[in-house]
Every structure is written in C-alpha cells, then in structure tokens.
Amino acid sequence: MALKGNLRDFSVTQLLNLVNVARKTGTLVVERSQEQILVSFREGKLSFARNGAEAAGLTMVLYHAKKLNAAQVRAINERSGGMSDKELGLLLINSNLVSQQEILASLQTYYLGMVNRLFTWSEGLFHFDNDLLPPMDKITVRINLENLIIEGTRKMREWEQLQGEIPSLEMALKFSDRPGVNLRNLNLNADEWKVISFINPKNTIRQIAKATNKNDLEIRRIVFSFIQAGLVEMVRPEGVPVPQPVEQPEQPAPQTLPRINPAQGNKTEFKSLIDRIISKIRSI
Amino acid sequence: MQTVKMVVTGPFNAGKTEFIRSVSEIEVVSTERKISSESERVKDQTTVAMDFGRISIDENLVLYLFGTPGQRRFDFMWEILSEGMLGFIVMVDSSRPETFREARNILETFRAYAPTPYVVAANKQDNKDAWEIDDIRIALRLSPRVKLLPCVARDKEAVKKVLLELLYSILEEMEITPSEEGYTSG
C-alpha cells in the first residue's frame, strides 16, 4: 500500500519520525517543480541521499568538504576512470590523501545537507519506495534520525501549527516506552534539559512552562520536538479529577428515553448491558 | 426503555455518515447540507449538526450512534454530542494524510471532553492510496495500547468489528477499574 502524500500535509519531520519508529528500509523520493531529492534509509537510519537521479561523486563530496583541492580532484578524476566510489575511497585512503573517518564524515555532512534542504520545503510530492535502495557502488552511512528530527523540528514549526498540535497545556507528559533510546545520546540544549527534568505525569505542560519560565509558544516548541522524536507522549495529568459526563435523563427523544451513563451506576449491571450490546452487534 | 450512545467522530469526509448507515436499523437521520466552500468540495454534501443512527439491542435497550460534523466551524456540537457517551470512534481517511493532524486534534479534543474508551478506525482501506495501518499509527502518534482498526465504512462486517472492539475496550476498562460501585471509565 501507498506511503505517499504532500509535504504541505505531512512534514519532513513527521516522515523521518515515521521512518525512524517503523525502522523502514527504502528510499523517500520528494519532488517539487524541477527538483527531486532522494533519501535512503536502512532499518530506520539515514544511509544515503542524492539530489536528482545522479548522485554526486565521492571526489566532489570531498572537494566541497575541503578534504581535496581542485588540482587533486582533477588528477584523481583523470586516473580513476570507471572506479566506483567504494574503490575510489580505498584508493584515497591507501594514498594517504584522506582517512576513512574523513570520507565518512564528509559523506554524512553531504547527506545531512540534502535532508536539511528538505526541511525548507513546505510543499512537494513524496512517496516512499521500499524497493529503491542506494546504488551498489556508493558508500552508505548510518545516521540516527532522532537528532535530525529535533533539529528539523526547531526549524520548521510556527506558532499556529504548534497550537494545533498541542491544543491544551493542561495535559501532562510521560516518557514513551521506547527501549533502546538513551536520553544521554540526544543533543538537547539547556532549556530542553530543563523541561526534561520536569516531565512527570503529575505535571501539566502549563506547570512545566511556569517552572521553567517559558511562555506558551516556547514550551509548545520544546514539547512538540520531544513528541516528534517519540520521547514523550501526552497523558491526562495524574491526580486530576476526571470530568464526569453530564447525565440528562430529562431530555427529549432521542433523548426522551432515560440514558445510561457509563460514569455512574453499578458495575455488574453495566457489564451486563455491554454484553447485551455485544451479542446484538454480533448478530446483525 | 434504556438508551446508550456511542459517538463517531473524525475529520471532514472521513466516512462517519457511511459508517453509521452501514449498521443502523433506521435510515440515518442526517443533517447534511450542500458544501459551500470550494476547498472542501471533495464531496457534495456534509454533516452540519449530527448524524443519528439506531440499533435496538433488545426490548429494553437501544444503542444510538451519533456522527459528529467533521468541519471545525461546527465543533460547538462536539461537546454536546459527547455527553454521556459509552465511548467514541475516531474515523480517519487512510488515503488522505492531510487529514491526519486534524484527526489527532479531534481525538485529543474528545479525550478532553470525556475520558471514555475509544478506538480509531482507519477507513477507506480499500483505496489504492490508503496508508498502511502501522504507518497511520505512527503518523497519528497512537500508543500501542490504542486500538487502530482497518475499516471500510460501507462494509457492514468491518463496521461491526470496529463497534465490537470499542465494546471490548469498554469491558477491559471496567476490569481495571477497582471500585464496584460508582464506576467511572477513563
């Protein structure tokens, strides 16, 4: 089935979060007017990216990363012939022109640059192709998406959207049950760490905002980035009385009939009532 | 005669009216009006106050299904309709990711009105553009505890399954509620 849509409706950070949580493998293809960016993932980690159909060669990536100068690029291109990036990488390492770490760091920067460009796209058709993998001759990396998502979220969110995402500051937060996620590995700023320290199902977001001296916009920005990265989820605050539905037995039809209110009455009676409904619905 | 009600909510054009129509024993009492806004013209009519369906359980008990209007400008009806409900169903159009955020907002709004059990129905799963259930769960940021059910609203069996899952959730909620008297859900 399709995983496709428009960035206008489903943002890049939401897509990255989906890829991350679902540990997807494949390529996200995003297009707008004449541009196309392809970002590949392996088990939920960024592995490769390219602009358009043609991927930049390793020498150009190293040149832009200032690991090679123009003369070196020309010389390498003349000698390398039809070498793949993997072969070329080995050659460069063996020639002591660059180290393996420098190659990987340069490629990471290049791939992240592609994703960062996507963050500036507010519109564009996307689809995720499970079968489209990076070309075999290209060097792939493994970049965790959590920090990327947090960074992208910082860049993209505006007040109206934040308000839409977090309609009430009276909700509390709890850490998600996500095995393997270590808070220490996340790049959070001081304000975000401060908010993290107050996350507890007993504290409403408004209380956290007050304690950390944040206005509504600032606290929404921070909380939203945590939610997008799958670190926390919104819950009803502990200890807050649950609002009871109002019983209106006197209302006319279809309210003329006395209505059973699940919030009141005997539990056994109520269970029997639900069982009767289940039997009926099974039979229709 | 006793009555109980469930609420079917969700964004505009998610399939709420169709869902109720599939199982209601009466012709759905609908308050549909022609759509005036061009941007919302993906169908000819929309619900402006509520839809209303009925299932007679037995001689003494009737289940009412209320469908809420999907457009925000009619959201004053939502709280009224949510009063006293057994639980609610959030319908989402699996093929329109642009409505996922709205579905999430509606879900949060109804959770705030009444902490009753709920399920999410991923409608239009027969559409070729429908997102997979697992992807929708992530997009809607639903915890694994929340039931997200594939659905085709005009398929009676699929609708029955959604209703039954909501009822099972209500029973499960009761099991974890300690007090015998004064039962409260949520």
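Structure shown above.
Residues numbered from 1 in each chain as written. Chains lettered and ligands numbered in written order. Predicted model: local features only at pLDDT ≥ 70, side-chain atom pairs only at ≥ 80, totals over all residues.

Novice: I keep staring at the sheet that holds strand 4 (residues 45-51) of chain A and nothing clicks. Help me out?
Specialist: Backbone hydrogen bonds are what pair the strands of a sheet, in a parallel or an antiparallel way. Residues and elements named next belong to chain A. A sheet is described by the order of its strands in space; here five strands give the open sequence 1-5-2-3-4, paired in antiparallel fashion. If you trace the sheet from one side to the other, it starts and ends with strand 1 (4-6) and strand 4, each paired once. Across the sheet, the mean angle separating the axes of adjacent strands is 20 degrees when strand polarity is ignored. Relative to strand 4, helix 5 (residues 100-119) is tilted by about 75 degrees, and along the sheet it contacts strand 2 (26-32), strand 3 (35-42) and strand 4. (Pairing = 2+ DSSP bridges. Helix = DSSP H or I, 4+ residues; strand = E, 2+ residues; numbered from the N terminus. Axes fitted to C-alpha atoms, helices over the stretch in contact; angles between N-to-C directions. Contact = placed C-beta atoms within 7 Å.)

Novice: Explain helix 11 (residues 267-283) of chain A to me, please; I cannot follow it from the model alone.
Specialist: Three- or four-residue spacings in an α-helix give side chains the same orientation, since the helix completes a turn every 3.6 residues. All names here are of chain A. Spanning 17 residues, helix 11 covers 25 Å between terminal C-alpha atoms, matching the ideal 24 Å at 1.5 Å per step. All of the buried residues along helix 11 are Phe270, Leu273, Ile277 and Ile281. Each buried residue of helix 11 sits inside an arc of 70 degrees when the element is viewed along its axis, so together they form one side. The outward face of helix 11, more than 90 degrees from its buried face, is lined by the exposed residues Thr268, Ser272, Asp275, Ser279, Arg282 and Ser283. (Expected span 1.5 Å × (residues − 1). Buried ≥ 20, exposed ≤ 12 C-beta atoms within 10 Å, placed from the backbone. Arc of directions from axis to C-beta.)

Novice: Quick question: what am I supposed to make of unusual backbone geometry here?
Specialist: Note: most residues except glycine have negative phi, and most peptide bonds are trans. All names here are of chain A. Positive phi, close to 50 degrees, is recorded for Arg23, a residue that is not glycine. Here Arg23 lies in the loop between helix 1 (12-22) and strand 2. One non-glycine residue, Asn96, adopts positive backbone phi at about 60 degrees. You can see Asn96 is positioned in the loop between helix 4 (85-94) and helix 5.

Novice: Would you mind showing me how to read the pairing of strand 4 of chain A here?
Specialist: On a regular strand, each side chain points to the face opposite its neighbour's, so the side chains alternate between the two faces of the sheet. Residue and element names in this part refer to chain A. Of all seven residues in strand 4, five are buried; the element is thus mostly enclosed. Bridging between strand 3 and strand 4 involves six bridges; their strand directions are antiparallel. Note on strand 4: the bridge partner recorded for Val39 is Ala49. Here strand 3 folds back onto strand 4, and the loop between the two strands holds two residues, one of which, Glu43, carries a positive phi near 50 degrees.

Novice: I keep staring at the nonpolar core and nothing clicks. Help me out?
Specialist: The nonpolar side chains of a soluble globular protein tend to be buried, and buried together. Ranked by internal contacts, the top residues of the largest apolar core, which has 102 residues, are Met6(B), Ile89(B), Val90(B) and Val92(B). When residues of this core are assigned to domains, at least three fall in each of domain 1 (4-146) and domain 2 (157-235) of chain A. In contact with Val92(B), not counting residues within four places along its chain, are Gly10(B), Pro11(B), Ala14(B), Thr99(B), Phe100(B), Ala103(B), Val120(B), Ala122(B), Asn123(B), Ile136(B) and Leu140(B). (Core = buried A, V, L, I, M, F, W, Y, C linked by C-beta atoms within 7 Å. Domains from an automatic or database assignment.)

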